[in-house]
Amino acid sequence: MSNANLYQQRPADIAGQSSLHHAGLHELAGKGRQGAGVSLREKSLLGHLVLRGDADDANFAGGVHKALGLELPGALTLVANGDTSLQWLGPDEWLLIVPGGSEFEVERTLRETLDGQHISVVNVSGGQTLLELRGPKVRELLMKSSSYDVHPKNFPVGKAVGTVFAKSQLVIRRTGEETWELLIRRSFSDYFWLWLQDASAEYGLAVEA
């Protein structure tokens, strides 16, 4: 294994807090309008790793598949297996999201499997989080928040796009017919939480644990 500075960012004996911990989402769970058009939950404290390598190198693509069980996704797409997902960010860059607490071992496995190749793996878990939105009115909420075309013909399940949203920027990921994820910077969590409350008011918002 090549020399690498591996660092366990979240030791098992240290409890972490999500970027919306202070908002008390767990206390709001189950108190929203019955039949709400939008349901929201924070997929907090997951492991976020940025992987870089040569997509045209069969050894790299094969090594990623061996380590993760996932094929490298093409432009503007993501692939997932349970709580693990791999999203295209650029021609040589992908975002890997894994269950919280497993990121250190996943990084180690990637480095061991891809040993000798020109790669980069960076743990960015502390800088971003995921908000999951579900329900029949999510697409309408997205339409009023972003200029990007989220019509099903342009935004099928499995697509992921970085775009302007509520005068800021984030990544929209469509993971199901009525399920979307917003990948946001930790420092903007408050702003987006307030925006989503306001933007979903006419549809009803339910917070899930």
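Since the structure is predicted, the reported quantities are computational estimates derived from the model, not experimental observations.

Trainee: Sorry if this is basic, but what is going on with the domain arrangement of the chain here?
Mentor: Interface size, as often reported, equals the accessible area lost upon joining of the parts. Partitioning the chain into domains gives domain 1 (21-43 + 126-208) and domain 2 (45-123). When each unit is reduced to the centre of its C-alpha atoms, the spacing between domain 1 and domain 2 is 25 Å. Listed as interface residues are ten residues of domain 1 and, on the opposing side, ten residues of domain 2. Here domain 1 is connected to domain 2 by zero salt bridges. Linking domain 1 with domain 2 are five residue pairs in polar contact (both at pLDDT 80 or more), by the criterion used here. Those elements that provide at least two residues to the side of domain 1 that touches domain 2 are β7 (128-134) and β9 (168-176). Per-element accounting of the side of domain 1 that touches domain 2 gives the leading share, three residues, to β7.

Trainee: For this particular structure, what's the right way to read the sheet that holds strand β5 (residues 93-98)?
Mentor: Strand pairing in a sheet relies on backbone hydrogen bonds. The paired strands run either parallel or antiparallel. Spatial ordering of the open sheet is given by β3-β4-β5-β2-β6, a layout of five strands whose pairing is antiparallel. The open sheet has two free edges, formed respectively by β3 (78-81) and β6 (120-123), since each of these has just one partner strand. In this sheet, neighbouring strand axes are inclined to one another by 20° on average, regardless of whether the strands run parallel or antiparallel. Bridge count for strand β2 (residues 47-52) against β6 is four bridges, and the pairing is antiparallel. Counterpart to R52 in the pairing with β6 is S120. Across the face of the sheet, helix α2 (residues 58-68) comes into contact with β2, β4 (84-90) and β5 while running at roughly 160° to β2.

Trainee: Please clarify how the pattern of salt bridges should be interpreted in this entry.
Mentor: Scanning all chains against the criterion turns up eleven salt bridges. Across the pair K144 and E202 runs a salt bridge, and its minimum N-O distance is 2.6 Å. Residue K144 is located in helix α4 (residues 138-145), and its partner E202 is located in the loop between α5 (189-199) and β11 (205-207); the two are separated by 58 residues in the primary sequence. Owing to a relative accessible area of 39%, K144 belongs among the partly exposed residues under this scheme. Salt-bridge contacts for R174 lead to E177; the nearest nitrogen and oxygen are separated by 3.5 Å. A relative accessible area of 63% places E177 in the exposed class. Through salt bridges that share partners, R41, E132, R134 and E208 make up one connected network.

Trainee: Would you mind showing me how to read the packing of α4 against α5 here?
Mentor: When two helices pack together, their arrangement is given by the angle between the helix axes and the distance between those axes. At a minimum axis separation of 10 Å, α4 and α5 run at an interaxial angle of 115°. With respect to the hand of their crossing, α4 and α5 are arranged in right-handed fashion. Contacts between α4 and α5 involve L141, K144 and S145 on the former and, on the latter, W195, L196 and A199. Residues that form the contact of α4 with α5 fall into these classes: four nonpolar, one polar and one charged.

Trainee: Even after reading the chapter, I still don't get the pairing of strand β10 (residues 179-185), so can you show me in this structure?
Mentor: A regular strand places its side chains on the two faces of the sheet in alternate fashion. For β10, the buried fraction is high: six of the seven residues fall into the buried class. Relative to β10, β7 is paired through seven bridges, and the arrangement is antiparallel. Its bridge partner being in β10, Q128 is matched across the sheet by R185. The antiparallel hairpin formed by β9 and β10 contains two residues in its connecting segment.

Trainee: I'm lost on the packing of aromatic side chains in this one. Help?
Mentor: Geometrically, a pair of aromatic rings is defined through the distance of the ring centres and the angle of the planes. All told, the structure shown has seven aromatic pairs when counted by the stated rule. Measuring from ring centre to ring centre gives 6.2 Å for F188 and F192, while their planes differ by 35°; the resulting arrangement is tilted. A residue is classified by how much of its surface remains accessible, and F188, at 27% relative accessible area, is partly exposed. Here the aromatic residues F165, F188, Y191 and F192 are joined through ring pairs into a cluster of three or more. It is K159 that lies over the ring of F155; its NZ or CZ is 5.5 Å from the centre.

Thresholds applied
- Residues numbered from 1 in each chain as written.
- Predicted model: local features only at pLDDT ≥ 70, side-chain atom pairs only at ≥ 80, totals over all residues.
- Heavy atoms only, no water.
- Domains from an automatic or database assignment.
- Contact = heavy atoms within 4.5 Å.
- Salt bridge = Lys/Arg side-chain N within 4 Å of Asp/Glu carboxyl O.
- Polar contact = N/O pair within 3.5 Å; in protein donor to acceptor, adjacent residues only side chain to side chain.
- Helix = DSSP H or I, 4+ residues; strand = E, 2+ residues; numbered from the N terminus.
- Pairing = 2+ DSSP bridges.
- Axes fitted to C-alpha atoms, helices over the stretch in contact; angles between N-to-C directions.
- Buried < 20%, exposed > 50% of the residue type's maximum accessible area, 1.4 Å probe, protein only.
- Left-handed = near helix turned anticlockwise from the far one by under 90°.
- Nonpolar A, V, L, I, M, F, W, Y, C, P; charged D, E, K, R; others polar.
- Phe/Tyr/Trp six-rings, centres within 6.5 Å; stacked < 30°, edge-to-face > 60°.
- Lys NZ or Arg CZ within 6 Å of the ring centre and 35° of its normal.

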